[in-house]
Amino acid sequence: MSRAETGNVPVARAETPGAGAVRTPSPLWSLGLLRSELLITFRRWRTLALLGVLAAVPVLVGIAVKIETSDGSSSLGGGGGGGGEGPAFISQISNNGLFLVFTALAATLPFFLPMAVGVVAGDAIAGESSAGTLRYLLVAPAGRTRLLLTKYATVIAFCLAATLVVAVSALAVGALLFPLGDLVTISGTRIGYAEGLGRALLIALVVAASLVGVAALGLFVSTLTGSGIAAMATTVGLLITVQILDQIPQLHALQPYFFSHYWLSFADLMREPVYWDDLVKNLGLQALYAAVFGSAAWARFTSKDITA
């Protein structure tokens, strides 16, 4: 969907040399720009398709568990949550449908969620350049910094939306196919269903926050090229490469600095008491990646020649 088709992009008259000072955009204009970017992003068929795929993952997992346990067994094996990683939750789904939320987030976080974010982030600037609309955006009194921040805010909004789509889909499927009630934590203690819902929401927010590093990396890559497809492919390629490197034992000294290393630490929110160390490391690492690659994106975008 092009900007011309949406008809809701804020446009301002460009000032000609000598015609007076350039008008500074108001906060309301900036909110209008953000609203326009959000509408354009979430109306694209590509975005809707990505969200549809993410919503389908909990459905497939739930149906698979239901079929596997249809003979009356109460678990799929794999034991309890000893390792603390998300896939261990799958053994609890048949006892409580809320565990499908945790399992679906663990299943989508290593690849599906960051891939979707990488596609949206990689297309943020490069897509405008390849479509020939980037120069027209900069004619409006946004400024490159304001435009870049708006693009990044839009990608962050997609991170949150994508994560909530997975969580809500899993919650609906879990409630439809399995019983609901009190939860047994990884530590073996029991918590009420309301508290379990609260922890599920907190886990979803932590998962969304775990994607801000990928979002900043994709935005930086997007400023390096004028091809949206190339930017998306490069971002997804880097994501896959980091995931592979994170599994090589010989690189154990470097792995704590990979943005994906602490992704599954959200499972520690299902301990009693909550184990915060890896969670804090994960959020700090994401903030570091956002600062480094966000600054690199700003430096590149504010200094490059815009020819399209």
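Caption draft 1: The overall build of the protein, seen in detail. In terms of helices and strands, the protein carries 11 helices and 2 strands. Starting at the N terminus, the α and β elements of the protein follow one another as α-α-α-α-α-α-α-β-β-α-α-α-α. Taking all 308 residues of the protein together, 45% fall into the buried category. A separation of at least 24 residues holds for 75% of the contacts in the protein among residues at least 6 apart in sequence. Entry remark: accessible area of the protein is about 14200 Å², with carbon and sulfur atoms responsible for 67%.

Caption draft 2: A look at the confidence of the model for the protein. Put simply, the protein has an average pLDDT of 83, and 81% of its residues get 70 or more. When the criterion is pLDDT under 50, residues 4-22 qualifies, and its contacts beyond four places in sequence or with other chains add up to 24 contacts. Every residue in residues 77-87 is under pLDDT 50, and counting partners more than four places away or in other chains gives 19 contacts.

Caption draft 3: Examining the pattern of salt bridges more closely. Scanning all chains against the criterion turns up 6 salt bridges. Taking the shortest distance from any N to any O, the salt bridge between Asp123 and Arg46 comes out at 2.8 Å. Of this pair, Asp123 sits in helix α5 (residues 112-131) while Arg46 sits in helix α3 (residues 45-68); the two residues are 77 residues apart in sequence, bridging distant segments of the chain. Overall, Arg46 belongs to the partly exposed group, its relative accessible area being 34%. Note that Arg271 is salt-bridged to Asp268, the shortest N-O span being 2.7 Å.

Caption draft 4: Examining the packing of α5 against helix α7 (residues 144-177) more closely. Relative to each other, α5 and α7 sit at 155 degrees, their axes nearing to 10 Å. Classed by the angle they form, the pair α5 and α7 counts as roughly antiparallel. Crossing geometry of α5 relative to α7 is assigned as right-handed. From α5, Leu113, Ala116, Val117, Val120, Ala121, Ala124, Ile125 and Glu128 reach across to α7, where they touch Leu148, Lys151, Val155, Phe158, Cys159, Ala162, Thr163 and Val166. In terms of residue class, the contact of α5 with α7 is made up of 13 nonpolar, 1 polar and 2 charged.

Caption draft 5: Representation of the environment of Ala215. Of note, Ala215 is situated in helix α9 (residues 212-224). Here Ala215 falls in the buried class, since its relative accessible area comes to 0%. Setting aside anything within four residues of it in sequence, one finds Ala215 in contact with Val117, Ala121, Tyr152, Val155, Ile156 and Cys159.

Caption draft 6: Up close: the nonpolar core. Core analysis: the biggest nonpolar cluster contains 76 residues, and Phe102 and Phe266 have the highest contact counts within it. The biggest single contributor to this core is α7, with 11 residues. Beyond its immediate sequence surroundings of up to four residues, Phe266 is in contact with Phe89, Phe102, Leu105, Ala106, Leu109, Ile203, Val206, Val207 and Leu279.

Caption draft 7: Broad picture of the packing of α9 against helix α10 (residues 228-245). Where α9 meets α10, the closest approach of the two axes is 9 Å, and the angle between their N-to-C directions is 140 degrees. By the angle between their directions, the pair α9 and α10 is classed as oblique. You can see that α9 and α10 cross each other, and the crossing is right-handed. Along its contact with α9, which presents Leu217, Gly218, Val221 and Ser222, the element α10 presents Ala231, Thr234, Thr235 and Leu238. Class assignment for the residues of the contact of α9 with α10 results in 4 nonpolar, 4 polar and no charged.

Cut-offs applied
- Residues numbered from 1 in each chain as written.
- Predicted model: local features only at pLDDT ≥ 70, side-chain atom pairs only at ≥ 80, totals over all residues.
- Heavy atoms only, no water.
- Helix = DSSP H or I, 4+ residues; strand = E, 2+ residues; numbered from the N terminus.
- Buried < 20%, exposed > 50% of the residue type's maximum accessible area, 1.4 Å probe, protein only.
- Contact = heavy atoms within 4.5 Å.
- Areas by Shrake-Rupley, 256 points an atom, 1.4 Å probe, with all protein chains shown as cover.
- pLDDT = per-residue confidence, 0-100.
- Salt bridge = Lys/Arg side-chain N within 4 Å of Asp/Glu carboxyl O.
- Axes fitted to C-alpha atoms, helices over the stretch in contact; angles between N-to-C directions.
- Parallel < 35°, antiparallel > 145°, perpendicular 65-115°, else oblique.
- Left-handed = near helix turned anticlockwise from the far one by under 90°.
- Nonpolar A, V, L, I, M, F, W, Y, C, P; charged D, E, K, R; others polar.
- Core = buried A, V, L, I, M, F, W, Y, C linked by side-chain atoms within 4.5 Å.

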